[in-house]
Amino acid sequence: MTQDEMKKAAGWAALQYVKQGTIVGVGTGSTVNHFIDALATMKDDIEGAVSSSEASTKKLIELGIEVFDLNSVDLIDVYVDGADEINDRMDMIKGGGAALTREKIVAAVAKKFICIVDNTKQVPILGDFPLPVEVIPMARSYVARELVKLGGDPVYRQGVVTDNGNVILDVYNMQILDPKVMETKINAIVGVVTNGLFANRGADVLLVGTPDGVNTITL
Ligand SMILES: O=C[C@H](O)[C@H](O)[C@H](O)COP(=O)(O)O
């Protein structure tokens, strides 16, 4: 089974968490794209979606799913998104596709976070995947120096501008032993919009695509 087939299995498995008549929070990335394909089969049964990126918005609209502005929505029942890494406490690194800030905002509004991954994303300790940090452009060098003080090696993601008009620093060589503390520390650096650690609000349900089917994990 290919990695993409495992992503697809996890994406389609998330459909069972979508309730009729609700507004669904939709993440970003190659795994979520499979979920959006699945969601399109229920498009007449849901009210619509709130999206975490321009890319997901485009795909949702193309498939006939109405996309609402988050400011016009009080409640999101489930938020479905992928991850770059996830540990057994359901803490994640996200933002490989630069969508981390909007993802974190939509996730904050949702009652339940359903994380969909293939089995290569499960790790014992977060940090092999470079941690994305979204930064206000004029603060880039200052934030990079502060990230070095925290033990990381930040690298400017050349040529990438986020949907919010900011830049990304990818922080290498971090062994993140306490994801909640590190998330809070990095977010406290002036000029940081947010970082890709999703630990203070982690996943509630993890669906892992494997060669033997989809495993469901809850804490
Ligand atoms: O910014 C991107 C998101 O955080 C994605 O959820 C993450 O990068 C995983 O993407 P994929 O499903 O393509 O591996």
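Within every chain, residues take consecutive numbers counted from 1 along the sequence as written. Selection of residues for local features in this predicted model requires a pLDDT of at least 70, selection of side-chain atom pairs for listing and counting requires 80 or more, and totals for whole chains, interfaces and linings are taken over all residues. Each side-chain value is worked out from all heavy atoms of the structure, with water and hydrogens disregarded.

This part takes up the side chain of Thr194. Strands are runs of DSSP state E lasting at least 2 residues, helices are runs of H or I lasting at least 4, and numbering of each runs from the N terminus. When you line up the elements, Thr194 lands in strand 10 (residues 192-195). The buried category is assigned to Thr194, whose relative accessible area is 6%. Any pair of nitrogen or oxygen atoms within 3.5 Å is treated as a polar contact; in protein, a donor-acceptor pairing is required on top of that, and neighbouring residues in sequence qualify only through side-chain atoms on both sides. Of note is the side chain of Thr194, whose polar atom sits 3.3 Å from the side chain of Lys104. Dropping the residues within four chain positions of it, Thr194 is found in contact with Leu100, Thr101, Lys104, Val133, Glu134 and Asn187. Accessible area is worked out with a 1.4 Å probe on protein chains only. A residue is then buried under 20% of its type maximum, exposed over 50%, and partly exposed in between. Throughout, a residue-residue contact means that at least one pair of heavy atoms, one from each residue, lies within 4.5 Å.

Right, let's get into a nonpolar patch on the surface. Patch membership requires over 30% relative accessible area and the absence of a salt bridge. Like charges are linked within 9 Å, and nonpolar side chains (Val, Leu, Ile, Met, Phe, Trp, Tyr) within 5 Å. Areas reported as accessible are Shrake-Rupley estimates using a 1.4 Å probe. Residue values count occlusion only from the protein chains shown. The term salt bridge refers to a side-chain nitrogen of Lys or Arg lying within 4 Å of a carboxyl oxygen of Asp or Glu. Nonpolar side chains collect at one region of the surface, where Ile136, Met138 and Val193 lie side by side and expose about 310 Å² of accessible area between them. Among the structural elements, Ile136 can be located in the loop between strand 7 (131-135) and helix 5 (140-149). Ile136 gets classed as partly exposed once you look at its relative accessible area, which sits at 36%.

UniProt positions are given in the numbering used here, feature names are shortened, and annotations may be inferred rather than shown by experiment. The UniProt entry lists Glu103 under the feature "active site" (unreviewed entry), expressed in the numbering used here. For Glu103, a relative accessible area of 3% translates into the label buried. Other than its neighbours up to four places away in sequence, Glu103 contacts Gly27, Thr28, Ser52, Tyr79, Asp81, Lys94, Gly95 and Phe198.

With 24 residues, the main nonpolar core has Val18, Val24, Val26, Phe35, Leu39 and Ile116 as its most contacted residues. Secondary-structure elements contributing two or more residues to this core are helix 1 (3-13), strand 1 (23-26), helix 2 (30-40), strand 3 (76-81), strand 6 (110-118) and strand 12 (205-210). Tallying contributions element by element places helix 2 first for this core, with six residues. Setting aside chain neighbours within four positions, we find Leu39 in contact with Leu15, Val18, Val24, Val26, Ile46, Leu60 and Ile65. Here the nonpolar core consists of buried residues drawn from Ala, Val, Leu, Ile, Met, Phe, Trp, Tyr and Cys, with membership extended through side-chain atoms lying within 4.5 Å.

Among all residues save glycine, negative phi is the norm, and among peptide bonds the norm is trans. Here Met90, not a glycine, exhibits a phi torsion of approximately 75°, which is positive. Inspection of the secondary structure assignment puts Met90 in the loop between strand 4 (85-86) and strand 5 (92-93). When its relative accessible area of 1% is taken as the criterion, Met90 is described as buried.

This part covers the domain arrangement of the chain. Segment limits for the domains were obtained from an automatic or database-derived domain assignment. For the chain, the domain assignment lists domain 1 (3-123 + 200-218) and domain 2 (131-195). Its C-alpha centre places domain 1 at a distance of 24 Å from the equivalent point of domain 2. Taken residue by residue, the interface counts 15 residues in domain 1 and 18 residues in domain 2. Two parts placed together each lose some accessible area under a 1.4 Å probe, and the buried area is that loss summed for both. Carbon and sulfur atoms supply 50% of the area that domain 1 and domain 2 bury against each other, a total of about 1,300 Å² over both sides. It is Leu100, Lys104 and Asn200 that lose the most area in domain 1 upon contact with domain 2, and together they represent 40% of the buried surface on that side. One can count one salt bridge joining domain 1 with domain 2. Two residues, Glu183 and Lys104, come together in a salt bridge whose shortest N-O distance is 2.8 Å. Along the contact surface separating domain 1 from domain 2 lie 12 residue pairs in polar contact (both at pLDDT 80 or more).

The criterion for a residue being near a molecule or strand is simple. One of its heavy atoms has to lie within 4 Å of it. Neighbouring the ligand are 17 residues, the closest being Ser30, Thr31, Asp84, Glu103 and Lys121. Interatomic distance of 3.0 Å between a backbone N/O atom of Gly97 and an oxygen atom of the ligand. Measuring from an oxygen atom of the ligand, one finds a backbone N or O atom of Ala99 at 3.0 Å. Its free accessible area being 370 Å², the ligand has 91% of it covered by the protein chains. Per-class residue counts for the shell around the ligand are three nonpolar, eight polar and six charged. Each residue is assigned to one of three groups, with Ala, Val, Leu, Ile, Met, Phe, Trp, Tyr, Cys and Pro labelled nonpolar, Asp, Glu, Lys and Arg labelled charged, and all others, Gly among them, labelled polar.

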